[in-house]
Structures are given as structure tokens and as C-alpha cells.
Amino acid sequence: MSMLENDLGEIKNSLGEHGKQISGRNFLVTGGAGFIGSWFCDTIVSMGGTVVCVDNLSAGSEKNIAHLLKAANFKFVKAGVEEFETGEKFDYIVHMASIASPPLYQKFPVETLDSGVLGTKRMLEIARKQKVKGFLLTSTSEVYGNPPNEMIPTPENYYGYVNSYGPRSMYDESKRCAEAYCYSYWKQHNVPVRIARIFNTYGPRLDTKNPSGYGRALIKFAYLAVNNKSISMYGDGSQTRSFCYITDQIAGLLKLLLLPNIDGEVVNIGSEEEISIGDLIKTILKLTGSSSKLINTKPAYDIRDDPLRRKPDLSKAKKMLGWGAKTSLEHGLSKTISWIKESG
Ligand SMILES: NC(=O)c1ccc[n+]([C@@H]2O[C@H](COP(=O)([O-])OP(=O)(O)OC[C@H]3O[C@@H](n4cnc5c(N)ncnc54)[C@H](O)[C@@H]3O)[C@@H](O)[C@H]2O)c1
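Residues numbered from 1 in each chain as written. Predicted model: local features only at pLDDT ≥ 70, side-chain atom pairs only at ≥ 80, totals over all residues. Heavy atoms only, no water.

Visitor: Account for the overall build of the chain, naming residues and giving values.
Guide: Regarding its fold elements, the chain presents 11 helices and 13 strands. Here the C-alpha radius of gyration of the chain, 19 Å, is about what a compact globule of 344 residues would show, namely 20 Å. Along the three orthogonal principal directions, the C-alpha set of the chain runs to about 55 × 45 × 35 Å. Relative to its full complement of 344 residues, the chain shows a buried share of 56%. Residue pairs in contact within the chain that sit at least 24 positions apart in sequence constitute 81% of those at least 6 positions apart. When the accessible surface of the chain is split by element, carbon and sulfur atoms take 50% of a total near 14700 Å². Computing the positive centroid from 42 side-chain charges and the negative centroid from 36, the chain places the two 2 Å apart. (Helix = DSSP H or I, 4+ residues; strand = E, 2+ residues; numbered from the N terminus. Rg over C-alpha atoms; globule rule 2.2 N^0.38 Å. Buried < 20%, exposed > 50% of the residue type's maximum accessible area, 1.4 Å probe, protein only. Contact = heavy atoms within 4.5 Å. Areas by Shrake-Rupley, 256 points an atom, 1.4 Å probe, with all protein chains shown as cover. Lys, Arg positive; Asp, Glu negative; His and termini not counted. Charge placed at Lys NZ, Arg CZ, Asp CG, Glu CD.)

Take a look at the structure:
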């Protein structure tokens, strides 16, 4: 069994009884050719659900879903979520389309706002008209901005310390507005929304399009280490993140979408294993046995407002979903490094 098949098996096991709701259901997955989206599509297709995957390939890649294109229960539509129209009927809508990588959203700030604001409204309209069983928005820990130390780990009821006019605002505010749209469609039109605040997630297919060019930190470091190329660290490396392996993330998202009687809920989904960026690089160098050198260069994008610490409070996810991240960082990193080596 391949590593990816093994990982899909892990997701299915984590879902238990709830997984039974997938077979025979129709899912609309926006951003499905991206990292998290393609894993989501894989899981649904392999468990007998039908997927229409909508993606404009602005950040994702057809490579991520190439293996699904022949499946009778999978269809890819290349379109932007702001103009997507459909005559098909869906049971569930999962809205992931977004430009989530800082260098990319700083390059395309207007498009980033559009997918979060116009795209979310459009998907919620489809959900309202079709009276879907569930609507999942993949929001982000970035809605918390740069929380003070006493708000680490960060619970869902922290309102955030966010700059609405700055180099991260196009992404952070697009998600905050998307959440407000979800709340409003739930209150006014009874759309059964559920919101996942995702914390840094990683694994095979993260930034497949160009991991060395604009990749998010972890995959970029791993890619450079595997290829023995210099690694540049921005700042002193003391800023922290808590990295969640993709199988845990997908299981958490699916539980949030499928569990009964939790409409309108917002839940953090991530890992509690907090690590500094400096220590992350050391761990990657150890696991790869790399000869990469650490260098100091000017950041390739504007790092002002970069949060100093990220760690989710998972009390709600544990209590409400019976879910927590199970994969250790070293184990998830080893799998990701193997994937980088295999995919070249
Ligand atoms: N990976 C993480 O660590 C992380 C953390 C927090 C939140 N999220 C959220 O999870 C979701 C998936 O993130 P990801 O890491 O898989 O990113 P990704 O870039 O791999 O996937 C996003 C996909 O959305 C597509 N897309 C962007 N704008 C679009 C538009 N207007 N119309 C149609 N498709 C569009 C992109 O082409 C891409 O395939 C996003 O909503 C992101 O904000 C991810």
C-alpha cells in the first residue's frame, strides 16, 4: 500500500460511524485542486461520495487531482468561485477556494478579497437555494491576527488583534468577512454553516505548483533541505507555529461538516505541538541529513504583522467533535520529506 493510500485509510478510521454519511452524497468542493482541497476530494471519492471540484488553478494544480479525473464520481470544473454557476444539486458545500500563501496573496490582493467575499456569498447563495445539509467554510487562525501571550493557546472566543489596512489584511479580512457572511446566512436564511479555523497544516501536495518559489515556510524549508540548498530564515527564528499533518486536518474538517446539531459553530482545527521556526529548521535538517546552510536574506515578501506565536486551544474541537491531532510533527515531517523525494 502506498503512503498516500495508507494516509487515506487513517482518515477513514478517524471518521468512524460519521464516514457512513459520505457514500451516495454530492459534494461541491471549491479550491479542490489545492493542497487541503485535493485531500478532501480524495477522501470523499474513495468513500463513495460524488465530488464536483471547482478551482481556477490560481494557486493549486491539476497535478493534485490528475489521479481522480478518471473516476466516475469526480468532476473538475475550471472556474472562479465568484462566477461559478451550476444546475447540479448538492448535499454539502465545502468552500476552500482562497489564495492562502502570503507571497501570493500580496501579489494578488484584490483576487484574494474577491474569493473570500464575493466567492463566499455566491457559494452561500447556492447553499440557500438548494437547502444543503451542510456548508463548511475553511477559515483561518489569521482571523486572530497577532494575539498577545495570554491568548496563547488561542480559543475561538478571542476576537483578534488584526490590522485591517496592511500587508496581510487582504487575506485576514477576506476570511473575517467570509465568516460574517456565514453567520448572516445562518441567522437570516437558516443555511447550516460550520466554520473551521484552520491552523498551519502541511503534508504532501502543499504548494505543489512551486514549493521553492513562494512556498509556505515548512514545505519550503523541507524542499530546500532535501535539495541541499541554502535556507533563509526571516527574523531570529523565535516566532512559533503549530503544524498539523493533513490526515488529522481532513478528519477534523469532515467531522465538523458531518456531525449533527452543530450548525453555526466555529471550531479551531490544528495541532497543539508548538515549535519555533528556528527549531523547525533544525528538525528538518536532522530528518533530511541535509548539508543546507542557514543564511540571512531579505524576505521575499512583506513580513510586517507576521504573528509571533500560533497555537490553537482545541478544547472545543475535543469536546464537540471528539477530535484532536494525533500525528507527531516528526512523523508527519518524515512522510512529507519522503513525498518530496519521490515527487522530485
Ligand atoms: N494550509 C494551511 O495551513 C491553511 C491554514 C489556514 C487556512 N487554510 C485555508 O484552507 C483552504 C485551503 O488552503 P490550502 O492550503 O489547500 O491552499 P491552496 O492554495 O493549496 O488551495 C486553495 C485553492 O483555491 C484555489 N482558488 C483560489 N482562488 C480561487 C477562486 N477565486 N476561484 C476558484 N478557485 C480558487 C487555488 O487555485 C487553490 O487550488 C483555504 O481556504 C485556506 O485559506 C489553510
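Visitor: Any chance you could break down the side chain of Lys 335 for me, citing the residues and the numbers?
Guide: In this structure, Lys 335 sits in helix H11 (residues 329–343). Dropping the residues within four chain positions of it, Lys 335 is found in contact with Met 3, Asp 7, Glu 10 and Tyr 245.

Visitor: Just give me the short version of the site of the ligand, but keep the residues and values in it.
Guide: Close contacts around the ligand come from 29 residues, with Phe 35, Asp 55, Met 96, Tyr 171 and Lys 175 the closest. Contacts to the ligand include Asp 55, whose side-chain N or O atom sits 2.6 Å from an oxygen atom. Arg 216 is positioned with one of its side-chain polar atoms (N or O) 2.9 Å from an oxygen atom of the ligand. Contact with the protein chains removes 96% of the 820 Å² of surface that the ligand exposes when unbound. Residue assignment for the shell around the ligand shows that the elements contributing at least two residues are helix H2 (35–46), strand E5 (134–140) and helix H5 (169–189). Of the residues forming the shell around the ligand, the biggest block, three residues, is contributed by E5. A per-class count over the shell around the ligand returns 12 nonpolar, 13 polar and four charged. (Near = heavy atom within 4 Å. Polar contact = N/O pair within 3.5 Å; in protein donor to acceptor, adjacent residues only side chain to side chain. Nonpolar A, V, L, I, M, F, W, Y, C, P; charged D, E, K, R; others polar.)

Visitor: Can you tell me about the side chain of Lys 255, naming the residues and giving the values?
Guide: With respect to the helices and strands, Lys 255 occurs in helix H8 (residues 246–258). Of the polar contacts made by the side chain of Lys 255, one reaches the backbone oxygen of Leu 321; its length is 3.4 Å. Once residues within four sequence positions are removed from consideration, Lys 255 is found in contact with Ser 14, Leu 15, His 18, Ile 262, Leu 321, Gly 322 and Trp 323.

Visitor: How would you sum up helix H4 (residues 109–130)? Please name residues and give values.
Guide: Look at H4: 31 Å from first C-alpha to last across 22 residues, which is about the 32 Å you get at 1.5 Å a residue. Maximal helix bending in H4 amounts to about 30 degrees, located at Gly 119. Residues Thr 112, Ser 115, Gly 116, Val 117, Gly 119, Thr 120, Met 123, Leu 124, Glu 125, Ile 126, Ala 127 and Gln 130 constitute the buried set of H4. Buried-residue contacts for H4 involve strand E1 (26–30), strand E4 (92–95), helix H3 (102–107), E5, H5 and strand E6 (193–198). Directly beyond the C-terminal end of H4, a positive phi value near 50 degrees is found at Lys 131. (Expected span 1.5 Å × (residues − 1). Bend = angle between axes of the 7 residues up to and from the residue.)

Visitor: Break down the nonpolar core for me, with residues and values.
Guide: Ranked by size, the top nonpolar core spans 67 residues in total, and within it Phe 27, Phe 40, Val 51, Phe 74 and Leu 280 carry the most contacts. Looking at this core element by element, the count peaks at eight residues for H8. Residues within four places of Leu 280 in sequence aside, it is in contact with Leu 218, Phe 221, Phe 243, Ile 275, Leu 329 and Leu 333. Counting 23 residues, the second largest nonpolar core, distinct from the first, contains Leu 28, Val 54, Leu 124 and Val 191. (Core = buried A, V, L, I, M, F, W, Y, C linked by side-chain atoms within 4.5 Å.)

Visitor: Describe the sheet that holds E4, with residues and values.
Guide: In spatial order, the strands read E3-E2-E1-E4-E5-E6-E11; together these seven strands make up an open sheet with parallel pairing. Each edge of the open sheet carries a strand with a single partner, namely strand E3 (74–78) and strand E11 (266–269). Pairwise comparison of adjacent strand axes, ignoring direction, gives a mean angle of 20 degrees for this sheet. Across four bridges, E4 lies against E5 in parallel orientation. Across the sheet, residue Tyr 92 finds its bridge partner in E5, namely Gly 134. This element, H5, spans E5 and E6 of the sheet and lies at about 155 degrees to E5. The strands that H8 touches are E1, E4, E5, E6 and E11; relative to E6, the one it contacts most, it runs at about 160 degrees. (Pairing = 2+ DSSP bridges. Axes fitted to C-alpha atoms, helices over the stretch in contact; angles between N-to-C directions.)

Visitor: Let's hear about unusual backbone geometry: which residues, and what values?
Guide: Residues Ile 152 and Pro 153 are joined by a peptide bond in cis, for which omega reads -5 degrees. Within the secondary structure, Pro 153 is located in the loop between E5 and H5. The backbone of Lys 131 shows a phi angle near 50 degrees, a positive value even though the residue is not glycine. Position of Lys 131 relative to the elements: it lies in the loop between H4 and E5. Its relative accessible area of 72% is what places Lys 131 among the exposed residues.

Visitor: Provide a residue-level description of the pattern of salt bridges, including the pertinent values.
Guide: Scanning the model with the defined rule gives 22 salt bridges in all. With a shortest N-O distance of 2.7 Å, Arg 197 and Glu 179 are connected by a salt bridge. Within this pair, whereas Arg 197 is found in strand E6, its partner Glu 179 is found in helix H5, the two being separated by 18 residues in sequence. Neither Arg 197 nor Glu 179 differs from the other in exposure class; each is buried. Salt bridges here are not isolated pairs; linked through shared partners, they connect Glu 142, Arg 168, Arg 241, Asp 306 and Arg 310. (Salt bridge = Lys/Arg side-chain N within 4 Å of Asp/Glu carboxyl O.)

Purely geometric numbers; function is a separate question.
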